[in-house]
Amino acid sequence: MTMILITAVTVLIFLVIFQIAKATEYVGILNGEEKSRKETNKINGLLMVVFLVLGLIGVWYCNHLLFNKTLLAHDAASVEGARVDSMLWVTLAVTGIVFIGTQIVLFLFAYKYQEQDNRKVYFFAHSNKLEFIWTIIPAITLTVLVVIGLRNWYLFTGEPPKDAMVVEVTGKQFGWIFRYPGKDAAFGKKYYKNIDNASNSLGIIWEDELSHDDLVMEQTMYLVKGKPVKLVIGSRDVIHDVGLSHFRMKMDAVPGIPTTLWFTPKYTTNEMKEITGNPNFQYEISCDQMCGNGHYSMKGVIEVLDQEEYDAKMAGQKPYYFAAFPDKDPSNTKPIVADTAKVAATPAEVSTKVIAKN
Amino acid sequence: MSNEAVLHASVGAHHEAHGDEHHEHHQDTFITKYVFSQDHKMIAKQFLITGMVWAVLGGLMSVLFRLQLGYPESTFPWLQDILGKWAEGGKITPAAYYALVTTHGTVLVFFVLTAGLSGTFANFLIPLQIGARDMASPFMNMLSYWFFFAASIIMLSSMFVETGPFSGGWTAYPPLSALGDASPGSKSGMDLWIISMALFVVSSLLGGLNYIATVLNMRTKGMSMTRLPLTIWALFFTAVLGVLSFPVLLSGFILLIFDRNFGTSFYLSDIFINGVGALPNEGGSAILFQHLFWFLGHPEVYIILLPAMGMVSEIMSVNSRKPIFGYMAMIGSLFAIAILAFLVWAHHMFVTGLNPLLGSVFVLLTLLIAVPSAIKVFNWLTTLWRGNVRFTPGMLFAIGFVSLFISGGLTGIWLGNSALDIHLHDTYFVIAHFHIVMGVASMFGMFAGIYHWFPKMYGRFMNNTLAYIHFWVTIAGAYMIFWPMHYQGLAGMPRRYYDFSVWESFKQFGELNQFISLVAMIVFAVQLLFLFNFFYSIFKGRRVTTLNPWGANTLEWTTPIRPGHGNWVGEIPEVHRWAYDYGKDGKEFISQDTPIGADESHH
């Protein structure tokens, strides 16, 4: 119903506009085409200035409304991210000046040099001097921006510091799997044909003993404040992207081709809650590369902790190897009774559920 | 009183003087004149109108997905009436959302802004402005349109496939686009998408070869390359770009077809699909496709933009009543852009794990494009300076083009700098950037061209008042839609998200999204006003009564008001000067076919 109403109103507005437009054309012809053309020319000339002024006010107002909703309202959450931000500000300054300057010139020229009967145009076909100036100045400015940019680029894509911890990130439709190398600081090998959703989500080759202490977690990754971290990124199915907007970092997850990314978290999650004033603050990993119909929900979380909190957290984690082979778990061998009780409980639970359903 | 009577009361006597089809060598039937026409002007109109149909469909798709983004909590029962199972309960499903986004992108980039823009104006303007009776091969030209038509039909039919049209983004990155098991849209919808695109490539190659051959070989006497109007230079470079890059895209598609249907592993490796298991493919590179795709994909941006630049240069000069400033610099910068267009493709791939050294080369080359772009902008500004500007609708859109090109071009400096791109890549910042600089700006170039050459196409004017409303609402609306998206991008908000409600970092823009959606609908409605004006004016517009209504120098205005097949009635005029002698020696304008006077000054 509302749809019909909206359509009707729209059509009505169209009709009115059309009638006005037609009438203006008639009046124009009756009054003499040349005269009415000059009148509309004046109106459009004036609108050029109006648009310029309202537009610049709009730019200011938009910034006023939205700036605090962007990431720039507070510090970048990584050491490297701060460099991204400072580069962003320099780029903004350069492009901002050019933007405002050229837009003003464009619309003011249009207004100022609008058609007037007594104006004689200036036949000005070229000027080597002018053209040289506006080739050289942009070229120099851009060189500066390129130099800043490439220094950062080589830092970001270069080797991480020696003391960096390593976490493996694997994307899948539609979630994230994280693997830590464990005490031996080395990952066990993996092969995608070993993947089995129930017990081996990454396809780890268990014969490789390096894998036996690897920790595997889903959805949440734990990092240490002030400790550089290198992510080794891969994908199980299609291309994903590890998007870390608070750390100003991003890297594709490509099946078959591992990629890397490193950064140094600057604030713990709790500190960021205070900085942003948002008690629900989370470092989110957003998938930034179209990966299927669940793309928009492919969320991971990073929790940045102090070293002590991190150590405590990690101490409580069991290697993934033991999830795949519970009988190898030393903690399982001692209290046999408890374990069998647990195993026994599982079918019992299922059967109660079935009963409840019935 | 009828429209016709009021508009033409004083000029009735002239009507007979401009008979429509002089000089026809054969009897035209409806079929040969309007359907399988080999007249470049009719083919141009076919491209234009097909492009308009696609623009409406593509625009409508954006309105539909903007409904989801702006009003994620609401349901619209009428959507279910239109889309059926794709909008169960009046809410667009994620699958439908992604299909809409993908098709919107594909259709607007290729069908509207490539075929609709350069297909229309290359066909229409090249023979008319270089002084030729038709294209080098009118038959190939006709085929070019009909291949495009076939591509259109197949693309359209993919909307009605049970598993839905392709929904993996217009860039069609494998493995997503290669594996039907990874996304239902990659099933038969994707087969149709590839076939349609392959036909489209054939169409643009046939067209492009023809444009190049015509510009190089069929210029009239005296029309040296350096006397060509800038429109022709731009369309020429566009055609060269297309001919050199579209085949690479096609090769990428062929490998994709092999991976999809014949079990090869060009792009596939180490893949485990939930519910299917591990695939046998090993050793392929998903990144290879991106290289092949963007080797076209980036030149494609300039295929879209250059014709608009060329037309804007021409229209700006005509309506400033002043020569284009720096004609040779304009050609030089077009040339530089065309060369650089081939050397920057990997700036779309900074976050794919590209070799850092290679990345830095692409940063350098990418930012280099800003130099010729800056030259063009400053030259346009200087063209306005001390001119005598007439705000015809074409001129307004040309000025709007420059404004948008500046705004969108400057953010290219952000995104082309890889270290900054890492942060902004695939966020709304990118959407804002390319919609302003490539989408809206090129649309403005197209509108400028349509308003400016409509009198030549149909022998009538479009309604100015409607045109002015169209312009002011569209430019204000375009900025209101895309300007705030920079801020969303600076908040890290990713593209192609169906819903932001679960994201603590991105859900703060609810009101803004609603505002953007509302403006998008208004702007879309105003485009319908433009379409109405266009079709109404074909039949009822004010008649053109003089040969050269804008007082322009180029050759198309020396043809009869409604030129027949062959364009000129008698001899093709000879050219004696460049196209930009406006305001020279106190003369308002000097047409290109006017011989150089004895006492004429040099410039």
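Predicted model only: the values in this text are computed from it and were never measured. (Residues numbered from 1 in each chain as written. Chains lettered and ligands numbered in written order. Predicted model: local features only at pLDDT ≥ 70, side-chain atom pairs only at ≥ 80, totals over all residues.)

Peer 1: Break down the overall build of chain A for me, with residues and values.
Peer 2: When helices and strands are counted, chain A shows nine helices and ten strands. Counting only residues that meet the buried cut, chain A has 33% of its 358 residues in that class. Here the contacts in chain A between residues at least 6 apart in sequence split such that 67% fall between residues at least 24 apart. (Helix = DSSP H or I, 4+ residues; strand = E, 2+ residues; numbered from the N terminus. Buried ≥ 20, exposed ≤ 12 C-beta atoms within 10 Å, placed from the backbone. Contact = placed C-beta atoms within 7 Å.)

Peer 1: For the overall build of chain B, give the residues involved together with the corresponding values.
Peer 2: The helix and strand tally for chain B stands at 17 helices and four strands. For chain B, the C-alpha radius of gyration of 25 Å lies close to 25 Å, the compact-globule estimate for 603 residues. Overall, chain B is about 80 × 60 × 45 Å in size when its C-alpha atoms are taken along their principal axes. Looking at chain B as a whole, 63% of its 603 residues qualify as buried. A fraction of 79% describes how many contacts in chain B between residues 6 or more apart in sequence connect residues 24 or more apart. (Rg over C-alpha atoms; globule rule 2.2 N^0.38 Å.)

Peer 1: A description of the pairing of strand β6 (residues 240–244) of chain A should follow, citing residues and the corresponding values.
Peer 2: Residues and elements named next belong to chain A. In terms of burial, β6 is largely enclosed, as five of its five residues are buried. Burial along β6 is two-sided: the face carrying His240, Val242 and Leu244 and the face carrying Asp241 and Gly243 are both buried. Where β6 meets strand β7 (residues 249–253), five bridges bridge the pair, whose relative direction is antiparallel. For Gly243, the partnering residue across the bridge sits in β7 and is Lys250. The antiparallel hairpin formed by β6 and β7 contains four residues in its connecting segment, where Arg248 sits at a positive phi of about 65 degrees. Here β6 runs beside strand β9 (residues 283–287); their pairing, made up of two bridges, is antiparallel. (Pairing = 2+ DSSP bridges.)

Peer 1: Describe the packing of helix α13 (residues 393–415) of chain B against helix α15 (residues 428–458) of chain B, listing the residues and the values that go with them.
Peer 2: Residues and elements named next belong to chain B. Close contact between α13 and α15 brings their axes to 8 Å; oriented N to C, the two are set at 160 degrees. Relative to α15, α13 is oriented roughly antiparallel. The chirality of how α13 crosses α15 is left-handed. Partitioned by chemical class, the residues of the contact of α13 with α15 number 17 nonpolar, ten polar and no charged. (Axes fitted to C-alpha atoms, helices over the stretch in contact; angles between N-to-C directions. Parallel < 35°, antiparallel > 145°, perpendicular 65-115°, else oblique. Left-handed = near helix turned anticlockwise from the far one by under 90°. Nonpolar A, V, L, I, M, F, W, Y, C, P; charged D, E, K, R; others polar.)

Peer 1: How would you sum up the environment of Val351 of chain B? Please name residues and give values.
Peer 2: Mapping Val351 of chain B onto the fold places it in the loop between α10 (327–341) and α11 (356–368). For the pair formed by Val351 of chain B and Asp421 of chain B, sequence separation is 70 residues and the distance between their alpha carbons is 8.2 Å. Setting aside anything within four residues of it in sequence, one finds Val351 of chain B in contact with Asp241, Lys250, Met251 and Asp252 of chain A together with Ile422 and His425 of chain B.

Peer 1: Give me the domain arrangement of chain A: which residues, what numbers.
Peer 2: Considered domain by domain, chain A is made up of domain 1 (1–31) and domain 2 (165–329). Using C-alpha coordinates to define each centre, domain 1 of chain A is positioned 59 Å away from domain 2 of chain A. (Domains from an automatic or database assignment.)

Peer 1: A description of unusual backbone geometry should follow, citing residues and the corresponding values.
Peer 2: In this chain, Gln173 of chain A is followed by Phe174 of chain A through a cis amide linkage whose omega measures -5 degrees. Along the chain, the position of Phe174 of chain A falls in the loop between β1 (165–172) and β2 (175–180). Cis geometry is found at the peptide bond from Pro174 of chain B to Pro175 of chain B, where omega equals 5 degrees. Inspection of the secondary structure puts Pro175 of chain B in the loop between α6 (138–157) and α7 (188–217).

Peer 1: Could you give an account of the interface of chain B and chain A, with specific residues and numbers?
Peer 2: Contacts between chain B and chain A engage 108 residues on the former and 100 residues on the latter. The dominant element in the side of chain B that touches chain A, judged by the number of residues it contributes, is helix α16 (residues 464–490) of chain B, at eleven residues.

Peer 1: Can you lay out the confidence of the model for chain A for me, pointing to particular residues and giving the numbers?
Peer 2: Note: predicted coordinates in regions of low pLDDT should not be interpreted at a detailed level. Chain-level statistics for chain A give a pLDDT mean of 89 and a share of 92% at 70 or above. Here residues 337–358 of chain A is a poorly scored stretch, pLDDT under 50, and it has one contact once near neighbours within four places are set aside; other chains count. (pLDDT = per-residue confidence, 0-100.)

Peer 1: Help me get a handle on the sheet that holds β1 of chain A, residues and values and all.
Peer 2: Residue and element names in this part refer to chain A. Here five strands make up an open sheet; going across it, the order is β3-β2-β1-β5-β8 and the pairing mixed. Both edges of this open sheet fall to β3 (215–218) and β8 (259–263), since each of them pairs with a single strand only. Sheet twist, expressed as the average angle between the axes of neighbouring strands with direction ignored, equals 25 degrees. Where β2 lies against β3, four bridges are found, and the strand directions are antiparallel. Bridge pairing in β3 links Arg179 to Val216.

Peer 1: Any chance you could break down the sheet that holds β6 of chain A for me, citing the residues and the numbers?
Peer 2: All names here are of chain A. Strand order in the open sheet made by the five strands is β4-β10-β9-β6-β7, with mixed pairing throughout. On the outer flanks of this sheet lie β4 (220–224) and β7, each paired with one strand and no other. Within this sheet the neighbouring strands show an average axis-to-axis angle of 25 degrees, counted without direction. When β4 meets strand β10 (residues 299–305), the two strands line up parallel, connected through five bridges.

Peer 1: Explain the environment of Gly284 of chain B to me, and be specific about the residues and the numbers.
Peer 2: Counting through the fold element by element, Gly284 of chain B comes out in the loop between β2 (277–278) and α9 (286–320). In the structure, Gly284 of chain B is positioned 17 residues away from Tyr267 of chain B in sequence and 4.6 Å away in space, judged by C-alpha atoms. Residues in contact with Gly284 of chain B, not counting those within four places in the same chain, are Gly256 of chain A together with Ser265, Phe266, Tyr267, Leu268 and Ser269 of chain B.

Peer 1: Explain the environment of Phe111 of chain B to me, and be specific about the residues and the numbers.
Peer 2: Residues and elements named next belong to chain B. As for its placement among the helices and strands, Phe111 is situated in helix α5 (residues 94–130). Classification of Phe111 as buried rests on a count of 26 C-beta atoms within 10 Å. C-alpha of Phe111 to C-alpha of Phe200: the two residues are 89 residues apart in sequence and 8.3 Å apart in space. When near neighbours in sequence (up to four residues on either side) are disregarded, Phe111 contacts Gly51, Trp54, Gly116 and Ser152.

Peer 1: Residue-level account of the confidence of the model for chain B, with values.
Peer 2: Residue and element names in this part refer to chain B. In the predicted model, chain B carries a mean pLDDT of 92, and 95% of its residues have values of at least 70. In this model, residues 10–24 is a region of pLDDT below 50 whose contacts with residues beyond four sequence positions or in other chains number 17 contacts. Interface predicted TM-score (ipTM) for the complex: 0.92; the corresponding pTM is 0.92.

Peer 1: Outline helix α3 (residues 79–112) of chain A, listing residues and values.
Peer 2: With 34 residues, α3 of chain A should reach 50 Å at 1.5 Å per residue; the first-to-last C-alpha distance of 49 Å fits that figure. On the buried face of α3 of chain A, the contacting elements are α2 (33–66), α4 (128–157) and β8 of chain A together with α12 (370–384), α13 and α14 (418–424) of chain B. (Expected span 1.5 Å × (residues − 1).)

Peer 1: Before we move on, could you go through the packing of helix α3 (residues 40–70) of chain B against α5 of chain B and cite the residues and values that matter?
Peer 2: All names here are of chain B. Two elements in contact, α3 and α5, have axes whose closest approach is 8 Å; the angle formed by their N-to-C orientations is 160 degrees. Here α3 is positioned roughly antiparallel relative to α5, judged by the angle of their axes. Like other packed secondary-structure pairs, α3 and α5 cross with a definite hand, here left-handed. Residue composition of the contact of α3 with α5, grouped by class: 20 nonpolar, eleven polar and one charged.

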